[in-house]
Amino acid sequence: SQYSAVDTNPLSVYIMQPIWNKIVKIVPLWIAPNLLTFSGFVMILVNYFLISFYDWDYTASGTSSGLVPTWVWLFSAFTTLCAYALDSIDGKHARRTQSSTPLGELFDHGLDSWATSIFVLSFFSVCSRDNGTTGVSVYTMYIYLSIVLCNFMCSHWEKYNTGVLFLPWGYDISQVVLIGAYLLTGAVGVEVWQKPFLFGYYITDALVILLIGFSLLLSFPQTLYNIHRAHLKKTLKNDSLYEGLLPLVSPLLLFILLTVWVVLSPGNILAKQPRLFLWMVGVAFSNVICKVIVCQMSGTQPELFHWFLFPLALVVYAAISGLLGWTEEAVLTVFTALVTAAHVHYGVCVGRQLSEHLNIYIFSLKKRVQE
């Protein structure tokens, strides 16, 4: 299927795109577009692990100001900017080198589906978790992450049904806000997040309100409108309502299971291990959404229940029924490691299969030699 995307965001169209068009001309023509995509993702990961090292439990910013060195925040701004740039020019570079392939599209969106949660999890270190006076509660973090992932899912569900990816406005805005937040923290220190800045509201409150407003008033209605318009024009990919809603079943069940664990955990797992739990949420979501992206690209139907829901349901049941007892944290750790390994394995396998099928290398523009 031919890749088609529509971007109507004024920030993107008038400011960012002209910048990317200039930057992409610097990239040597022998560099594979997937290498750009992957480099950006690696930078996001490195940054995330660096922040995790200084602030494992999201309390560093709230306890004392010097716990995370200034250079870490500046490095965060730098890596976020680089990743944003690389993610924005990889497609342009693919067209320049005439190497646009379904593999590149899947690679880009697949890594984006994972990067989305990592961006959010890195940002939580800036505002820190609730310490009684300032900060955000771990439950707010969970809801915030869920909304961001839901937005991502909606745009791909929409593409599954309409064949067109309407790029969400939130993406460019969130990247610019993130870079700004890191620079502000680096320049002024974490104290800026702990003082009310307007009418007794904190900056974090404003950002949470913005995000929820954006999702409920812009993104979601826009998705429904685009699908409705395709329905009227008779350009919908799926005839039945069942087929159209099918990709939403697994993500919704995933969200329900995770929420049940968060709310009913006897050991209050989210408060004890917010970083582990939220990372697991992001990886699980990414795997579920990658399946939807593959189905949407290949014109196949996603299965009703993603395989992942079965082990998760078992773990959640064992946790909330008290079966796990004091081992709940240990089980979460093992489960998170397995989920991450399974996701990486899945990515490698799909990448390999596609590169063989299309007779191309993932990270090189050289053609494979036919055996």
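Residues numbered from 1 in each chain as written. Predicted model: local features only at pLDDT ≥ 70, side-chain atom pairs only at ≥ 80, totals over all residues. Heavy atoms only, no water.

Considering the side chain of Thr336
Phase 1 of the analysis: Tracing the backbone shows Thr336 in helix α13 (residues 328–357).
Phase 2 of the analysis: Other than its neighbours up to four places away in sequence, Thr336 contacts Leu276, Trp279 and Met280. (Helix = DSSP H or I, 4+ residues; strand = E, 2+ residues; numbered from the N terminus. Contact = heavy atoms within 4.5 Å.)

Considering the nonpolar core
One broad trend across soluble globular proteins is that nonpolar side chains are buried collectively.
Phase 1 of the analysis: Judged by nonpolar contacts, the single largest core of 97 residues is most densely connected at Phe123, Phe124, Leu254, Trp261 and Phe277.
Phase 2 of the analysis: When neighbours within four sequence positions are excluded, Phe124 is seen to be in contact with Tyr58, Met141, Tyr144, Leu145 and Leu278. (Core = buried A, V, L, I, M, F, W, Y, C linked by side-chain atoms within 4.5 Å. Buried < 20%, exposed > 50% of the residue type's maximum accessible area, 1.4 Å probe, protein only.)

Observations concerning unusual backbone geometry
Backbone phi values are negative for most residues with the exception of glycine, while trans is the configuration of most peptide bonds.
Phase 1 of the analysis: Backbone geometry at Tyr58 places phi at a positive 65°, although glycine is not the residue there.
Phase 2 of the analysis: Its location among the elements puts Tyr58 in the loop between α2 (33–54) and α3 (60–63).
Phase 3 of the analysis: Judged by its relative accessible area of 0%, Tyr58 falls in the buried class.
Phase 4 of the analysis: Positive phi, close to 60°, is recorded for Ser128, a residue that is not glycine.
Phase 5 of the analysis: With respect to the element layout, Ser128 can be found in the loop between α5 (102–127) and α6 (138–162).
Phase 6 of the analysis: What makes Ser128 buried here is its relative accessible area of 1%.

Side note on the side chain of Asn226
Phase 1 of the analysis: Within the secondary structure layout, Asn226 lies in helix α8 (residues 203–232).
Phase 2 of the analysis: For Asn226, a relative accessible area of 4% corresponds to the buried category.
Phase 3 of the analysis: Residues within four places of Asn226 in sequence aside, it is in contact with Glu158, Thr162 and Phe166.

Quick word on the pattern of salt bridges
Phase 1 of the analysis: For the coordinates displayed, the defined rule picks out one salt bridge.
Phase 2 of the analysis: Where Lys159 meets Glu105, a salt bridge forms, and the shortest distance between an N and an O atom there is 2.8 Å. Remark: Glu105 occurs in helix α5 and Lys159 occurs in helix α6; sequence separation between them is 54 residues. Take Lys159 and Glu105: they sit in the same class, and that class is buried. (Salt bridge = Lys/Arg side-chain N within 4 Å of Asp/Glu carboxyl O.)

Things to note about the environment of Ser250
Phase 1 of the analysis: In this structure, Ser250 sits in helix α9 (residues 241–264).
Phase 2 of the analysis: Relative accessible area serves as the criterion here: at 6%, Ser250 is assigned to the buried category.
Phase 3 of the analysis: Spatially, the C-alpha atom of Ser250 lies 16 Å from that of Met280, the residues being 30 residues apart in sequence.

A word on helix α4 (residues 70–96)
Phase 1 of the analysis: Its 27 residues place the ends of α4 39 Å apart at the C-alpha level, agreeing with the 39 Å of an ideal helix rising 1.5 Å per residue.
Phase 2 of the analysis: Helix geometry: α4 is bent most strongly at Asp90, by close to 35°.
Phase 3 of the analysis: Residue Gln98 follows α4 closely and has a positive phi angle near 50°. (Expected span 1.5 Å × (residues − 1). Bend = angle between axes of the 7 residues up to and from the residue.)

Comments concerning the packing of α9 against helix α12 (residues 309–320)
Phase 1 of the analysis: The interhelical angle for the contact between α9 and α12, taken along N-to-C directions, is 15°, at an axis separation of 9 Å. Taken together, the axis directions place α9 and α12 in an arrangement best described as roughly parallel. In the packing of α9 onto α12, the handedness of the crossing is left-handed. Listed contacts from α12 to Ser250, Leu253, Leu254, Leu257, Leu258, Val260, Trp261 and Leu264 of α9 are Leu309, Leu312, Ala313, Val315, Val316, Ala319 and Ile320.
Phase 2 of the analysis: Of the residues belonging to the contact of α9 with α12, the class tally is 14 nonpolar, one polar and no charged. (Axes fitted to C-alpha atoms, helices over the stretch in contact; angles between N-to-C directions. Parallel < 35°, antiparallel > 145°, perpendicular 65-115°, else oblique. Left-handed = near helix turned anticlockwise from the far one by under 90°. Nonpolar A, V, L, I, M, F, W, Y, C, P; charged D, E, K, R; others polar.)

Describing a nonpolar patch on the surface
Phase 1 of the analysis: The grouping of Leu35, Phe38, Val42, Val46 and Phe363 at the surface amounts to a nonpolar patch, some 370 Å² of accessible area in total.
Phase 2 of the analysis: Of note, Phe363 is situated in the segment after α13.
Phase 3 of the analysis: By relative accessible area, which is 38% here, Phe363 ends up partly exposed. (Patch = residues over 30% accessible without salt bridge, like charges linked within 9 Å, V, L, I, M, F, W, Y side chains within 5 Å. Areas by Shrake-Rupley, 256 points an atom, 1.4 Å probe, with all protein chains shown as cover.)

Quick notes on α9
Phase 1 of the analysis: A rise of 1.5 Å per residue sets the reference length of α9, with its 24 residues, at 34 Å; its end C-alpha atoms lie 33 Å apart and thus fit the reference within 8%.
Phase 2 of the analysis: The largest bend in α9 amounts to roughly 40° and is located at Pro247.
Phase 3 of the analysis: Turning to α9, its buried residues number three or more, namely Gly244, Leu246, Pro247, Leu248, Ser250, Pro251, Leu254, Leu257, Leu258, Trp261 and Val262.
Phase 4 of the analysis: Of the surrounding secondary structure, the elements contacted by the buried residues of α9 are α6, α10 (269–272), α11 (274–298), α12 and α13.

Some details on the packing of aromatic side chains
Phase 1 of the analysis: Across all of its chains, the model carries 22 aromatic pairs by this definition.
Phase 2 of the analysis: When the centroid spacing of 5.3 Å and the interplanar angle of 45° are considered together, the rings of Phe38 and Phe363 count as tilted. Here Phe363 lies in the segment after α13 and Phe38 lies in helix α2, a separation of 325 residues in the sequence.
Phase 3 of the analysis: Measuring from ring centre to ring centre gives 5.8 Å for Tyr84 and Tyr171, while their planes differ by 80°; the resulting arrangement is edge-to-face. Within this pair, whereas Tyr84 is found in helix α4, its partner Tyr171 is found in helix α7 (residues 170–188), the two being separated by 87 residues in sequence.
Phase 4 of the analysis: Assessed through its relative accessible area of 28%, Tyr171 is described here as partly exposed.
Phase 5 of the analysis: Taken together, the ring pairs in this structure connect Phe41, Tyr48, Phe49, Trp114 and Trp279 into an aromatic cluster. (Phe/Tyr/Trp six-rings, centres within 6.5 Å; stacked < 30°, edge-to-face > 60°.)

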